[in-house]
Amino acid sequence: MSKPVVVVVGADKGGVGKTTVSRTLLDYFSANNVPTRAFDTESPRGTLKRFHPEITEIVDMTTTSDQMKIFDTLNSSSPSVTVIDVRAGLLSPALASLRDIGFLDAAKSGQITFAVFHILGPSIASLDEIAETANFMQGAKYFLVKNFINDTQFFQWDQATYNSYFHRIKDATELTIPKLNEMAYEQVEVASVPFLKFVANKGVDDESANYSFVLRGYVRHWLANVWSEFDRIKLTDLVGSGKVGARSSGEK
Amino acid sequence: MPHTPVYIICSPRPLVGKTLIARLLSEFLLLKNGAVVSFDINLKEPSLLEYLPKITETADVIDTFGKMQLMDRVIVDDGIAKVIDLGFHAFDEFFKMTEEIGFMKEAARRSVAPVILFVADTDRVSARAYPMLQQQIPASALVTIDNEFTVRGELPAAFARGRVLRIAALPVFLKTYIDRLTFSFTDYLRNEKDSSTELHQWIRKNYFSFRELELNLILQRS
């Protein structure tokens, strides 16, 4: 049996695009035929569940019962990858909980593959989280995700500031999520379907839809760029699949 | 299954004769097919809309909404030929967008046949724009327009490698005559009894070139 994989997507700051990145991950795993389940910690309402209702469960990560629901089923559940979309402000507490229940030790000893996608917004407050989160990262794959929700430079014009954040953690890998056209983003929001279905012009129940060709084109282009970043970090290798070439049709 | 042609007349340069060619082509398609939809994406040049208001719609590619309004119409295989008169200011944005949204691939999937009519000029901007088009557009769908009134001499070799459609220069007095807003090429052919006039022959030659272009499209499909 392959090792269970847990991917945590989070940030302590809100509005930086955590759920958007989680959605691209679920689409990526789906296109690469990696069985995946997801947990949305935006209890009681879940944005991720709205887009991926079949595989997403809403949980409250601060409660023991829901922690059990996620982590006690890692070995028994059939999907090999578990994606947890951690709501704003909960990343540090969630990681502390994982340390307390011995999960981080299990990751360190190689029983579990653990990856954290830390979504960064274009503010110092967001970058300040890096140092705090890094304390929990022994044994985990740590990805610093620069999410371009606007035309930010992530302080790259100021090398001292940039280096103080992005070069502080030795084993962190940087990822860039480009900006998606605003209208295209809104149209997918209205459609309430995964990005992949939107590109394929399909509705919630796989029925034929009538989305704008232009907006679908923008989403396709953007998603291809995001996925090329996931390919670059060899995400499928990380989750033990390694089938980048065997993507299901429709994503290009 | 029908194949809907979409002619995109473009140049990164102003005043090279894009609107003239769009007028000619629109009138030819209207005469031949009985229907055509033309789009005027010119804010700063003489406007196709003023010449052919009954068949022309305005569009812009400045924002996403404008792009949707234009491209979602253009990508439909409804059997009605489309002509886009693309202003020089919209050239870069338009082709950046078509590349991003995968226009050529989607058009092929939907039985829509785009034909890019690039109006050549001898300047550096045109010389830089053409390779960009070559990269994005299959050679079979890229046609260089050699407007003798603009180029005034031999077409630069870089443009002459692919398919070239020549538009002969008219004497200035005839150019002024056809530039009148009320002038119609087809009406002139219908009403002018003397078919030996220079203008008569000029229009017929251009209509013949367009017919050949259409024929090429059909041959490519078969």
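Definitions and cut-offs
The numbers attached to residues start from 1 for each chain and follow its sequence in the written order. To label them, take the chains in the order written and letter them from A, then take the ligands in the order written and number them from 1. The predicted nature of this model means local features are confined to residues of pLDDT at least 70 and side-chain atom pairs, given and counted, to a pLDDT of 80 or more, with totals for whole chains, interfaces and linings taken over all residues. Two residues form a contact once the distance between their C-beta atoms, set from the backbone, is within 7 Å. Where helices and strands are cited, they refer to DSSP runs of H or I of at least four residues and of E of at least two residues respectively, numbered from the N terminus. For this classification, Asp, Glu, Lys and Arg are treated as charged, while Ala, Val, Leu, Ile, Met, Phe, Trp, Tyr, Cys and Pro are nonpolar and the rest, including Gly, are polar. Burial is judged by counting other C-beta atoms within 10 Å of a residue's own C-beta: 20 or more means buried, 12 or fewer means exposed, and anything between counts as partly exposed, with every C-beta placed from the backbone. Summarising the geometry, the arc corresponds to the directions from the helix axis toward the C-beta atoms. For two strands to be treated as a pair, DSSP must find at least two bridges joining them. Only C-alpha atoms enter the line fits that serve as axes; for helices the fit covers just the stretch in contact. Angles between N-to-C directions range over 0 to 180 degrees. Each residue after the first adds 1.5 Å to the expected span of a helix. We call two directions roughly parallel when the angle between them is under 35 degrees, roughly antiparallel when it is over 145, roughly perpendicular when it lies between 65 and 115, and oblique otherwise. Handedness of a crossing follows from how the near helix is turned relative to the far one, being left-handed for an anticlockwise turn of less than a right angle and right-handed for a clockwise one.

*Asks:* How should I be thinking about the interface of chain A and chain B in this particular structure?
*Replies:* In many reports, interface size means the accessible area that the parts give up when they come together. Opposite the 10 residues of chain A that make contact, chain B presents 11 residues. At 7 residues, the largest contribution of residues to the side of chain A that touches chain B is made by helix α10 (residues 213-232) of chain A. When the residues that make up the side of chain A that touches chain B are grouped by side-chain class, the tally is 5 nonpolar, 4 polar and 1 charged.

*Asks:* I'm lost on helix α4 (residues 91-100) of chain B in this one. Help?
*Replies:* Spacing of three or four residues puts side chains on the same side of an α-helix, whose turn is 3.6 residues. Residue and element names in this part refer to chain B. Those residues of α4 lying buried are Phe91, Phe94, Phe95, Met97 and Thr98. End-on, the buried residues of α4 take up no more than an arc of 155°, which puts them together on one face. For α4, the secondary structure elements touched by its buried residues are β1 (4-10), α3 (64-74), β4 (82-86), α5 (103-109) and α6 (124-136). Backbone geometry just downstream of α4 places Gly102 in the positive-phi region, at approximately 70°.

*Asks:* Help me understand the sheet that holds β4 of chain B, please; the structure alone is not making it clear to me.
*Replies:* As a general point, the strands of a sheet are linked pairwise by backbone hydrogen bonds and lie either parallel or antiparallel. Residues and elements named next belong to chain B. In spatial order, the strands read β3-β2-β4-β1-β5-β6-β7; together these 7 strands make up an open sheet with parallel pairing. Both edges of this open sheet fall to β3 (56-58) and β7 (163-167), since each of them pairs with a single strand only. This sheet shows a mean twist of 25° between the axes of neighbouring strands, independent of strand direction. One ladder, built from 5 bridges, connects strand β6 (residues 142-147) with β7; its direction is parallel. Residue Asn147 lies in a different strand from β7, and its bridge partner there is Ile167. Sitting on the sheet, helix α1 (residues 18-33) is in contact with β1, β2 (37-41), β4, β5 (112-119), β6 and β7, with an inclination near 170° to β4.

*Asks:* Please explain α6 of chain B as it appears in this structure.
*Replies:* All names here are of chain B. Helix length check: α6, at 13 residues, gives a terminal C-alpha distance of 19 Å against a target of 18 Å (1.5 Å per residue), a fit within 8%. Looking only at α6, the buried set comprises Ser126, Ala129 and Tyr130. Each buried residue of α6 sits inside an arc of 110° when the element is viewed along its axis, so together they form one side. Turned more than 90 degrees from where α6 packs its buried face, Arg124, Arg128, Pro131 and Gln135 sit exposed. Taken together, the buried residues of α6 touch α4, β5 and α8 (157-160).

*Asks:* Just to check I follow, could you spell out the packing of α4 of chain B against α6 of chain B for this structure?
*Replies:* Packed helix pairs are specified by the crossing angle of their axes together with the interaxial distance, meaning the distance between the axes. All names here are of chain B. Running from N to C, α4 and α6 point in directions that differ by 20°, and their axes come no closer than 11 Å. When the interaxial angle is binned, α4 and α6 end up roughly parallel. In the packing of α4 onto α6, the handedness of the crossing is left-handed. Along the contact surface, α4 presents Phe91, Phe95 and Glu99, while α6 presents Ala129, Met132, Leu133 and Gln136. Grouping the amino acids of the contact of α4 with α6 by side-chain chemistry returns 5 nonpolar, 1 polar and 1 charged.

*Asks:* So what exactly am I meant to see when it comes to the sheet that holds strand β3 (residues 56-58) of chain A here?
*Replies:* Residues and elements named next belong to chain A. The strand order β3-β2-β4-β1-β5-β6-β7 describes an open sheet built from 7 strands, whose pairing is parallel. Each edge of the sheet is formed by a strand with only one pairing partner; in this case those strands are β3 and β7 (173-177). Taken pair by pair, the neighbouring strands of this sheet meet at an average axis angle of 20°, ignoring direction. Of the pairings in the sheet, the one linking strand β5 (residues 113-120) to strand β6 (residues 141-147) comprises 6 bridges and is parallel in character. When the bridges of β6 are listed, Ala115 appears paired with Lys141. Strands in contact with helix α1 (residues 18-31) are β1 (5-10), β2 (36-40), β4 (81-85), β5, β6 and β7; relative to β4, the strand with the most contacts, it is inclined by about 165°.

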